[in-house]
Amino acid sequence: MSTFLGMPATAPRGVGHLRGDEPFPAAAHRALADEQLRNNLRHATTTIRGKSGRVIAELPDWQELRSAGSAIKADVLSRLPDLLEELEARVVERGGVVHWAADANEANRIVTELVRATGSERVIKVKSMATQEIALNEALEAAGIQPVETDLAELIVQLGQDKPSHILVPAIHRNRSEIREIFLKAMPGVDPALTDDPPVLAAAARKYLRETFLSTKVAISGANFGVAETGTLAVVESEGNGRMCLTLPDTLITVMGIEKVVPTWQDLEVFLQLLPRASTGERMNPYTTMWTGVTPGDGPQDFHLVLLDNGRSAVLADPRGRTALHCIRCSACLNVCPVYERTGGHAYGSVYPGPIGAVLSPQLTGVEDNASLPFASSLCGACFDACPVKIDIPSMLVHLRNQAPHPRSERAAMRAAAYTMERPKLYARAQRAAKLARIAGRRGLGLPLGWNEARDLPEIPEQTFRDWWASR
Amino acid sequence: MRIALFATCLADTLFPEAAKATVRLLERLGHEVVFPFDQTCCGQMHVNTGFQRDAVPLVKRYVSTFDPFDVIVAPSGSCVGSIRHQHAMVAADAGEAGLAARAEDVGRRTYELSELLIDVLQVEDVGARYPHRVTYHPTCHSLRMIRVGDKPLRLLRRVRGLELVELPAAEQCCGFGGTFSVKNAETSAAMLADKMTAIVSTGASVCTAGDASCLMHLGGGLSRRDAGVRTVHLAEILAST
């Protein structure tokens with residue numbers, strides 16, 4: 001007799017932004033042809049890389065901090081249910097309400113109902129990957145509620161009816177003249193004489209947002225950290241818009257991925273050093289807002305925390321893959337990735353682009369739904385070195401490649417190669433046959449289409465090494 | 001010292017000069033080189049392309065071929081990285097704990113050429129002469145998987161007549177990545193284009209590296225571009241007199 005509880009569910013299809021419409025190479029094809037995009041990306045990633053490298057070099061204990069961050073995350077994952085229950089208990093004690101959402105559909109339904117109950121037809125939003133992941137904005141809009149992104153880059157993306165292409169700098173693919181056009185077209189009440197001078201653009205956004213902050217009663221945020229021992233939530237940001245959303249409205253709804261919990265306040269000392277240096281290249285982020293339940297007469301009086309799974313338990317169930325949940329969304333791996341630098345974030349199809357997206361997205365959706373992503377890497381390893389919590393992304397990519405479905409022809413070719421290489425005499429004959437095939441003008445080496453587009457094949461030498469050795 | 005050579009399938013088949021140079025160099029330094037004929041391939045291509053199970057017999061073959069030797073050398077940071085960091089995992093995942101332990105042990109005795117020269121044989125000046133302007137590309141797996149650090153540069157600096165010029169953005173991947181170069185050919189070509197621009201900007205006549213695979217990719221691109229820069233394996237420079 002047995003009771004089968006089933007495997008943890010992956011993120012559901014048909015909702016959210018974790019799956020692309022086409023495989024990575026096809027999406028990358030368009031990005032690679034866009035000279036402007038590649039220039040924008042090269043400039044931005046090179047700048048962030050340099051800045052981040054300089055401030056990291058200031059810390060003599062950076063490697064120890066990385067190890068500490070990784071160890072805290074490993075501890076969190078090893079007792080996640082207990083920590084989440086502790087977090088829930090503390091939040092409730094302090095007057096908050098906790099909701100558990102198994103997936104995107106449930107989270108969207110919970111948040112939509114909470115907003116409806118307030119009677120507000122508009123919400124202000126703090127930039128949040130979790131709500132992007134579940135496509136909360138689309139769900140709210142479908143319910144007649146207008147979500148307004150208040151992070152400048154997120155606002156640019158929203159007004160441009162675009163998708164974010166970077167975890168931290170969602171509008172990294174846009175330059176200032178493009179931003180001016182987007183504002184002129186879509187920002188309510190914008191001055192038609194707007195120029196593309198960055199301070200002018202920022203002032204336009206500021207004016208629009210200030211009015212929105214002061215007239216909206218409901219805010220929705222994500223959370224960078226949730227401290228189990230006190231029930232405190234934390235958001236780190238650079239512009240102050242988050243602070244406004246987290247303090248001005250009557251109602252605050254926070255959607256937090258379940259892996260964001262940390263055991264104690266003291267654990268924050270590690271992450272608040274790691275995160276800004278790895279992500280924006282700052283010694284400390286300008287705004288860190290923390291709140292615990294509700295405080296009478298101060299800040300939102302109605303606080304809801306939505307704990308989101310959406311495939312995370314499935315990731316946790318894989319011993320080789322689970323460290324993807326260590327990710328603190330700093331995007332250091334994106335900024336050092338040579339593939340991301342050339343293709344940008346849209347090519348990955350998911351809100352999580354770059355190296356971490358290439359391992360996280362397929363795990364959240366099930367590998368078969370994002371089968372091209374684990375291959376969107378040259379395995380150069382720069383991401384592993386850059387990761388502030390030491391996620392071994394290259395090994396995880398290899399692990400996921402071994403789970404991904406393979407084209408039949410590729411399987412046959414790999415089998416044949418392995419069969420030949422298992423047999424030294426056959427292998428030596430194949431080496432000679434390769435040469436004959438080349439002489440006959442065929443692609444005898446199995447280096448197929450794609451190679452010849454950009455590179456010449458090496459001349460096949462007169463003699464293999466082993467024949468040379470035998471003739472010595 | 002008696003040193004077993006793992007030529008790697010790529011050098012054996014396509015770039016025998018790199019493997020021959022390794023032999024000439026080590027013999028010139030007074031060592032005995034052995035080439036076990038049962039060797040074929042480390043299996044990295046299978047593991048990294050998602051065919052890990054097909055790599056199990058190749059791991060077995062590598063371990064049984066090289067277990068009898070105390071010191072093994074390969075002119076490839078990438079293959080050494082795979083042997084050291086993937087072989088035991090492949091064996092363990094296949095449920096072969098005994099093989100995993102042996103693979104780990106053989107992996108510890110397998111060295112990339114610059115590691116062998118500096119760490120084991122403790123020689124920096126190999127007595128080479130190579131009167132050319134040379135730039136060095138620190139291939140990703142040498143750099144980040146086995147951490148050879150500046151060992152190749154230390155060896156190159158002691159080569160007579162050689163003018164070493166620094167490669168801009170040296171630590172960026174050249175875009176090869178094994179089957180990545182075929183599965184994501186366009187992205188690979190874009191990475192290659194930037195790397196070639198960096199190489200050409202140095203004014204070097206030779207680009208060297210410790211991996212025949214990256215050099216095949218770079219060499220194929222430079223030849224197509226008719227850039228006037230040759231790719232030469234590190235072993236060939238160190239073996240020349």
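Counting starts from 1 at the beginning of each chain's written sequence and moves along it residue by residue. Chains and ligands are labelled by the order in which they are written, letters from A for the one and numbers from 1 for the other. This being a predicted model, a pLDDT of at least 70 is required before a residue's local features are given, and a value of 80 or more before pairs of side-chain atoms are given or counted; all residues contribute to the totals for chains, interfaces and linings. Hydrogens and water are ignored here; the side-chain numbers use all heavy atoms of the structure.

**A few points about the pattern of salt bridges**
If charged atoms from side chains of opposite charge come close, those side chains can pair. Residues and elements named next belong to chain B. Salt bridge criterion: a side-chain nitrogen from Lys or Arg within 4 Å of a carboxyl oxygen from Asp or Glu. This model, assessed by the stated rule, comprises 40 salt bridges over all chains. A salt bridge links Lys60 to Glu96; the shortest N-O distance between them is 3.0 Å. Taken together, the residues Lys60 in helix H4 (residues 52-66) and Glu96 in the loop between helix H6 (87-93) and helix H7 (97-108) connect sequence positions 36 residues apart. Remark: exposure states derive from per-residue accessible area (1.4 Å probe, protein chains only) relative to the maximum for the residue type, with buried under 20%, exposed over 50%, and partly exposed in between. A residue is classified by how much of its surface remains accessible, and Lys60, at 37% relative accessible area, is partly exposed. Note on conventions: DSSP H or I runs of at least 4 residues are helices, E runs of at least 2 residues are strands, and numbering of each starts at the N terminus.

**Remarks on the packing of helix H12 (residues 185-201) of chain B against helix H13 (residues 212-225) of chain B**
All names here are of chain B. As a rule, the C-alpha atoms of each element are fitted with a line to give its axis, helices using only the stretch in contact, and angles between N-to-C directions run from 0 to 180 degrees. It is the contact of H12 with H13, at a shortest axis distance of 10 Å, that shows an interaxial angle of 75°. As summarised for this structure, H12 and H13 are arranged roughly perpendicular, according to the angle between their axes. Touching Ser188, Leu192, Ala193, Lys195, Met196, Thr197, Ile199 and Val200 of H12 are His217, Leu218, Gly221, Leu222 and Arg225, all from H13. The residue classification treats Ala, Val, Leu, Ile, Met, Phe, Trp, Tyr, Cys and Pro as nonpolar and Asp, Glu, Lys and Arg as charged. All others, Gly included, are polar. Its residues placed into classes, the contact of H12 with H13 shows seven nonpolar, four polar and two charged. For classification, angles of less than 35 degrees are called roughly parallel, those exceeding 145 degrees roughly antiparallel, those between 65 and 115 degrees roughly perpendicular, and all remaining angles oblique. Should any heavy atoms of two residues lie within 4.5 Å, those residues are considered in contact.

**Considerations on the confidence of the model for chain B**
Counting all residues, the mean pLDDT for chain B is 97, and 100% of those residues have values of 70 or more. Model confidence for the complex is summarised by a pTM of 0.95, with the ipTM given as 0.97. Residue-level confidence of the predictor is what pLDDT reports, using numbers from 0 through 100.

**Quick look at the pairing of strand E10 (residues 302-308) of chain A**
Residues and elements named next belong to chain A. Counting buried positions along E10 yields six of seven residues, so the element is predominantly enclosed. When DSSP locates at least two bridges between a pair of strands, those strands are taken to pair. Pairing analysis gives five bridges linking strand E1 (residues 97-101) to E10, with the strands arranged parallel. Bridge pairing in E10 places His99 opposite Val306. Pairing geometry for strand E7 (residues 251-257) and E10, over seven bridges, is parallel. Bridge pairing in E10 links Gly257 to Leu308.

**Concerning the interface of chain B and chain A**
Contact residues are listed per partner, giving 64 residues for chain B and 60 residues for chain A. Defined here as a combined quantity, buried area equals the accessible surface (1.4 Å probe) lost by two parts on assembly, summed across both. Taking both partners together, chain B and chain A bury about 5,500 Å²; carbon and sulfur atoms supply 58% of that area. On inspection of chain B and its partner chain A, the count reaches nine salt bridges. For the salt bridge of Asp54 of chain B with Arg415 of chain A, the shortest nitrogen-to-oxygen distance reads 3.1 Å. Counted as a polar contact is a pair of N or O atoms within 3.5 Å, where, for protein atoms, one must be capable of donating a hydrogen and the other of accepting one, and residues adjacent in sequence contribute only when both atoms are in side chains. Counting across the interface, chain B meets chain A through 35 residue pairs in polar contact (both at pLDDT 80 or more). Considering each element in turn, the side of chain B that touches chain A owes the most residues, nine residues, to H12 of chain B. Here the side of chain B that touches chain A is composed, by residue class, of 30 nonpolar, 21 polar and 13 charged.

**Examining the UniProt feature "domain: LUD" (unreviewed entry) in chain A**
UniProt positions are given in the numbering used here, feature names are shortened, and annotations may be inferred rather than shown by experiment. Feature annotation in UniProt assigns "domain: LUD" (unreviewed entry) to the following positions: residues 84-294 of chain A. The span residues 84-294 of chain A shows a helical share of 45% and a strand share of 19%, and its end C-alpha atoms are spaced 19 Å apart.

**Section: the environment of Pro60 of chain A**
Residue and element names in this part refer to chain A. Considering the arrangement of structural elements, one finds Pro60 in the loop between helix H2 (35-57) and helix H3 (62-78). On the basis of relative accessible area, Pro60 is assigned to the exposed category, the value being 78%. Separated by 25 residues in sequence, Pro60 and Glu85 have C-alpha atoms that sit 37 Å apart.

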